[in-house]
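One letter stands for each residue in the lines below.
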Amino acid sequence: MSNAPKDSSSANAMWGGRFASGPDAIMTAINASIGFDQRLYAQDIAGSRAHAAMLAATGILTSSDAEAIGEGLLTVLSEIEAGNFAFSTALEDIHMNVESRLKEIIGEPAGRLHTARSRNDQVAVDFRLWVRAQCDAAIDGLSALMKAFLAQAEAGADWVMPGFTHLQTAQPVTWGHHMLAYVEMLGRDRSRFQDARRRMNESPLGAAALAGTSFPIDRHMTAKALGFDRPTANSLDSVSDRDFALEFLAASSICAMHLSRFAEELVIWSSAQFRFVRLSDKWTTGSSIMPQKKNPDAAELLRAKLGRILGATVALFTVMKGLALTYSKDMQEDKEQVFDAADTLMLALAAMTGMVSDMTANRDVLAASAASGFSTATDLADWLVRALNLPFREAHHVTGTLVAMAEGKGCDLPELSITEMKSVHDGITQEVYSVLGVENSVRSRTSYGGTSPVRVAEQIARWKSALN
């Protein structure tokens, strides 16, 4: 037997005496938000408990009423968490569902809970608390993924692989260096969520409908009780601000874009043409007709998730862009997009962490590919500048001529004889071969942030310290 409030055509009674008749069924359907904002139940009850305690502390409520409200709200919370609470569309939203059930439990004192507040500041604080928790979850998820990339980087700190521009072989790099590139991206993502969390950590509770209240409330008390740094400073802005949700979505969109980029690399790298990495059966599927196939479906699906998150971001910007101060019912459309984006982001972070932890790099294939495509041509040009004092543009031209020669012979640069090299520039000596191997190439890139294994090890240590 459910202890839920009952659907009723007299739900307009919750609005007061202004409305003489109940809403039309279609109006009820378009107006109700309980189908999605019930996710805010824990935040709504926490906010109400803090509000009731403050009302008692300031003498606005008796301590006995506040105690009854606080205990009653805990009962409602336990009913919801136990799955014994049937939410009512007729009661519109999470606030009125909770308040109606509270009245059934404790009677008349429940009607005093809404003193000195409005659903406008109530939903603002609920939603802000929920988004703040999602920032914390995203920060934790990113930290776990960064550690997975760091483990890959440490395992292959000195493994050579091709570095690409335009998806063409450019210069040899190390596997560790490539993995650390994503650690840097994800580190920026993590800092964006941290920054957004700091900015949103102000309590709108007590702003009431839009102008504040004449009751002697203590907004600092409720802010502290709910873990906020301070109350918001302007009541108009407090009830109409959704910047915190937009920042969360913007940070989520950038993060999802980074995840999508690595998902694309996994799709390419796990192909038969590349064979750079191998994904286990946990993250791949077979074909219904082609038995040889091992499809990187998890990476492909993750690559597509950005569309949902970016779409949510655009949707909320579109809702907010034309709203005059303060609250408008348009803002009821703020939550579904954020809920979906948050769910999608957390799923994507967990899936990517699993794939990165699980993937196996094919070291021999990476090394062979690193040596192809004249990847040490830049090292040759740099050597000509250092050893022969050639202007770089002339060194570039000499190197290009040697590349064309090797290409014509069907060989790579290290396979050209010294005689063939001297035919292009007589100053070239046997020493040139010391820079043409891919291992020598990556070891030479010792500038800060470079791909040298020494520099890679330094960055791994820096990030491990930062994450721990």
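Residues numbered from 1 in each chain as written. Predicted model: local features only at pLDDT ≥ 70, side-chain atom pairs only at ≥ 80, totals over all residues. Heavy atoms only, no water.

A. Geometry of the packing of aromatic side chains. As enumerated under the stated definition, the model contains 14 aromatic pairs in all. Seen in terms of ring centroids, Phe-127 and Phe-339 are 6.3 Å apart; in terms of plane orientation they differ by 85°. Their pairing is edge-to-face. Residue Phe-127 is found in helix H6 (residues 119–155), and its partner Phe-339 is found in helix H12 (residues 335–358); the two are separated by 212 residues along the sequence. For the pair formed by Phe-127 and Phe-339, the shared burial category is buried. Across from the ring centre of Phe-339, 4.9 Å away, lies the NZ or CZ of Arg-39, which sits over that ring. For Lys-335, the ring lying beneath its charged end belongs to Phe-127, and the centroid distance is 5.5 Å. (Phe/Tyr/Trp six-rings, centres within 6.5 Å; stacked < 30°, edge-to-face > 60°. Helix = DSSP H or I, 4+ residues; strand = E, 2+ residues; numbered from the N terminus. Buried < 20%, exposed > 50% of the residue type's maximum accessible area, 1.4 Å probe, protein only. Lys NZ or Arg CZ within 6 Å of the ring centre and 35° of its normal.)

B. Molecular detail of the nonpolar core. Ranked by internal contacts, the top residues of the largest apolar core, which has 95 residues, are Trp-175, Phe-193, Phe-262 and Met-352. Not counting chain neighbours up to four residues away, the residues in contact with Phe-262 comprise Phe-149, Met-179, Tyr-182, Trp-269, Met-352, Val-356 and Met-359. (Core = buried A, V, L, I, M, F, W, Y, C linked by side-chain atoms within 4.5 Å. Contact = heavy atoms within 4.5 Å.)

C. Quick look at the pattern of salt bridges. For the coordinates displayed, the defined rule picks out 23 salt bridges. Salt-bridge contacts for Arg-101 lead to Glu-104; the nearest nitrogen and oxygen are separated by 2.9 Å. Taken as a pair, Arg-101 and Glu-104 lie in helix H5 (residues 94–106) at a separation of 3 residues, close to a single helical turn. Exposure remark for Arg-101: the relative accessible area of 10% places this residue in the buried category. (Salt bridge = Lys/Arg side-chain N within 4 Å of Asp/Glu carboxyl O.)

D. Structural detail: the side chain of Ser-235. Following the sequence through the fold, Ser-235 ends up in helix H9 (residues 235–240). Taking the relative accessible area as the measure of exposure, Ser-235 reaches 19% and is therefore buried. Every residue in contact with Ser-235, bar those within four places of it in the chain, is listed here: Ala-207, Leu-210, Ala-211 and Gly-212.

E. Spatial organisation of helix H3 (residues 41–57). Compared with the 24 Å implied by 1.5 Å per residue over 17 residues, the 24 Å span of H3 between its first and last C-alpha is a close match. Of the positions making up H3, those classed as buried are Gln-43, Asp-44, Ile-45, Gly-47, Ser-48, Ala-50, His-51, Ala-52, Met-54 and Leu-55. Elements that come into contact with the buried residues of H3 comprise helix H4 (63–81), H5, H6 and helix H8 (219–225). (Expected span 1.5 Å × (residues − 1).)

F. Representation of the pairing of strand E1 (residues 160–165) within the structure. Here E1 pairs with strand E2 (residues 168–174) via 6 bridges, running antiparallel. Each bridged residue has a counterpart across the sheet, and for Gly-163 the counterpart in E2 is Gln-171. Between E1 and E2, which pair antiparallel one after the other, the connecting turn spans 2 residues, and His-166 there sits at a positive phi close to 55°. (Pairing = 2+ DSSP bridges.)

G. Quick look at the side chain of Ser-260. Looking at the secondary structure, you find Ser-260 in helix H10 (residues 243–269). Once residues lying within four places of it in the same chain are set aside, the contact partners of Ser-260 are Leu-302 and Arg-303.

H. The environment of Gly-400, seen in detail. With respect to the helices and strands, Gly-400 occurs in helix H15 (residues 392–409). Residues Gly-400 and Ala-377 lie 23 residues apart in sequence; the distance between their C-alpha atoms is 8.0 Å.

I. Structural context of the environment of Arg-49. Residue placement: Arg-49 occurs in helix H3. We classify Arg-49 as partly exposed; its relative accessible area is 33%. In the structure, Arg-49 is positioned 173 residues away from Thr-222 in sequence and 9.3 Å away in space, judged by C-alpha atoms. Those residues within four positions of Arg-49 in sequence are excluded, and the remaining contacts are Gly-70, Glu-71, Leu-73 and Leu-74.

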